[in-house]
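Secondary and tertiary structure notes
Given next are the chains, with one letter for each unit.
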Amino acid sequence: MADQYAQTGGDIRPSEDIQPKTIDIPAIRWEEPAEGPVLVLLDQTRLPAEEVELVCTDPQGLVQAIRSLAVRGAPLLGIAGAYGVALAAARGFDVQDAADALAGARPTAVNLGYGVRRAQEAYRAALGNGSGNGAAGLERAAAAALAAARALHQEDAAASAKMADHGLRLLDELLPGGNHRILTHCNTGALVSGGEGTAFAVALAAHRAGRLRRLWVDETRPLLQGARLTAYEAARNGMAYTLLTDNAAGSLFAAGEVDAVLIGADRIAADGSVANKVGSYPLAVLARYHHVPFIVVAPVTTVDLLTPDGASIEVEQRAGHEVTEVTAPQAPLAGMEAGGGIPVAPLGTQAYNPAFDVTPPELVTAIVTESGVVSPVTGGSLGELCSRSRQVTMS
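All of these numbers come straight from a predicted model, not from anything done at the bench.

Further remarks concern the UniProt feature "binding site: substrate" (unreviewed entry) in the chain. In the UniProt entry, the feature "binding site: substrate" (unreviewed entry) is given for R72, G73, A74, R106, Q225, N276 and K277. When you line up the elements, G73 lands in the loop between α1 (59-67) and α2 (74-91). Along the chain, N276 turns up in strand β11 (residues 274-277). In this structure N276 comes out as buried when scored by relative accessible area, which is 4%. Excluding residues within four positions of it along the chain, N276 makes contact with I263, G264, A265, D266, A355, F356 and D357.

Structure representation (structure tokens):
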């Protein structure tokens, strides 16, 4: 494996403290070396060329990692946000400032704010329970924040396993006989989760059960999360997969080669509208026309009942150079600096680059969560599922 790197306040330096790992590197982990706690991330911008870890020693370093997509994916962002608050508390940073910066790092993924709030509330509760603002009290409050982050991490892993089970059962009901040909978009596996993922975890369960014939992997322009990350995970799991350009999906549907579409979600509004990586909505339209199930797999924490409908979802707009340039692999190429851009459009070209699009509920066959399946997708059925989930959590 390539040398690992540490990130401090946005600067990246070689790390002598974090030892090389085996190929099975977790997407995120908390470590406590002698000099103080750190949050270690598998740098997803460098995959699949290199498996390199970033070590965040302060909240701003984590904010930069989130914005640069070194760490990404709705469930994992929630976990990262919670650990970020714990890191701020343990390292003596202003917890409120850190929470605000982390929660605002990416606006569409609701899990990020959820994770931040959960750890922050645990921190505040510990302070309010007589810990005080002395050194011992702050230490106990920091430990409470870390405990909340670890609990969220474990809960997400458990939710991933339940979603895989529910999703496979649904596939078998909709498509009796197995031999599933599944089309997926972006990346929804272990790289976005405390477990094995959301939509990808369902496909992986089908593979392990001998019921996956083919995983069709959209490349996912402009940042190629499908080509770089989903193909990477599929290959590591020995799955039968084929990569296609995003604009080839229509011909695949027309040829009758897709049995189901499985995607994740970054935010699900109260009416069932789904915000996911841009390119998801066209797949939903294609699926509806070709009578193919369009299934969203996401934890209940991705459902935002405070956002009434799809039009109310804030869609992140990213830099135009992601469209007008093709980013070179992070591993240096001859004559090119690592991470540099290769222009593919005339200088000065304006670009439209939303990170997500929104699929209306009437195009969604089902939403699969750890608490069960919602189908048909309506505001009422979604609200009922969330209410039931809260009751189970509180009992």
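As a further point, take the nonpolar core. Judged by nonpolar contacts, the single largest core of 39 residues is most densely connected at I28, L39, L41, L62, I66, V71 and Y83. For this core, the elements supplying multiple residues, two or more each, are β3 (28-31), β4 (38-42), β5 (53-56), α1, α2, α3 (95-103), α4 (110-131) and α5 (135-174). Ranked by residues supplied to this core, first place goes to α2 with 10 residues. If near-sequence neighbours (up to four positions away) are discounted, L41 is found in contact with A27, I28, V52, E53, L54, C56, L62, A65 and V71. F294, V296, V377 and L382 belong to the second-largest nonpolar core, a separate cluster that totals 29 residues.

Relative to β11, strand β10 (residues 267-269) runs antiparallel, the two sharing two bridges. When the sheet's bridge partners are listed, R267 is paired in β11 with A275.

Let us look at the packing of α1 against α2. At a closest axis distance of 9 Å, the pairing of α1 and α2 adopts a crossing angle of 165°. With respect to their mutual orientation, α1 and α2 come out roughly antiparallel. At the point where α1 passes α2, the crossing takes the left-handed sense. In this structure, α1 contributes P59, L62 and I66 to the contact, and α2 contributes L77, A80, G84, L87 and A88. The residue inventory of the contact of α1 with α2, partitioned by class, reads seven nonpolar, one polar and no charged.

This paragraph deals with the environment of P222. Assignment of secondary structure puts P222 in the loop between β7 (212-218) and α7 (225-236). Given the relative accessible area of 17%, P222 is considered buried. The spacing of P222 and H321 is 99 residues in sequence and 9.7 Å in space, taken between C-alpha atoms. Not counting residues up to four positions away in its chain, the partners in contact with P222 are E322, V323 and N353.

A contiguous nonpolar patch, built from V326, I342 and V344 and spanning about 220 Å² of accessible area, is present on the exposed surface. Take V344: it is sitting in the loop between β15 (341-343) and β16 (356-359). Overall, V344 belongs to the exposed group, its relative accessible area being 51%.

This next bit is on α3. Of the positions making up α3, those classed as buried are V95, A98, A99 and L102. Relative to the axis of α3, the buried residues are bounded by an arc of 100° and lie together on one face. Backbone nitrogen of Q96 and a side-chain oxygen of the N-cap are separated by 3.1 Å at the start of α3; the cap is D94.

Thresholds applied
- Residues numbered from 1 in each chain as written.
- Predicted model: local features only at pLDDT ≥ 70, side-chain atom pairs only at ≥ 80, totals over all residues.
- Heavy atoms only, no water.
- UniProt positions renumbered as here; feature names shortened; annotations may be inferred.
- Helix = DSSP H or I, 4+ residues; strand = E, 2+ residues; numbered from the N terminus.
- Buried < 20%, exposed > 50% of the residue type's maximum accessible area, 1.4 Å probe, protein only.
- Contact = heavy atoms within 4.5 Å.
- Core = buried A, V, L, I, M, F, W, Y, C linked by side-chain atoms within 4.5 Å.
- Pairing = 2+ DSSP bridges.
- Axes fitted to C-alpha atoms, helices over the stretch in contact; angles between N-to-C directions.
- Parallel < 35°, antiparallel > 145°, perpendicular 65-115°, else oblique.
- Left-handed = near helix turned anticlockwise from the far one by under 90°.
- Nonpolar A, V, L, I, M, F, W, Y, C, P; charged D, E, K, R; others polar.
- Patch = residues over 30% accessible without salt bridge, like charges linked within 9 Å, V, L, I, M, F, W, Y side chains within 5 Å.
- Areas by Shrake-Rupley, 256 points an atom, 1.4 Å probe, with all protein chains shown as cover.
- Salt bridge = Lys/Arg side-chain N within 4 Å of Asp/Glu carboxyl O.
- Arc of directions from axis to C-beta.
- Polar contact = N/O pair within 3.5 Å; in protein donor to acceptor, adjacent residues only side chain to side chain.

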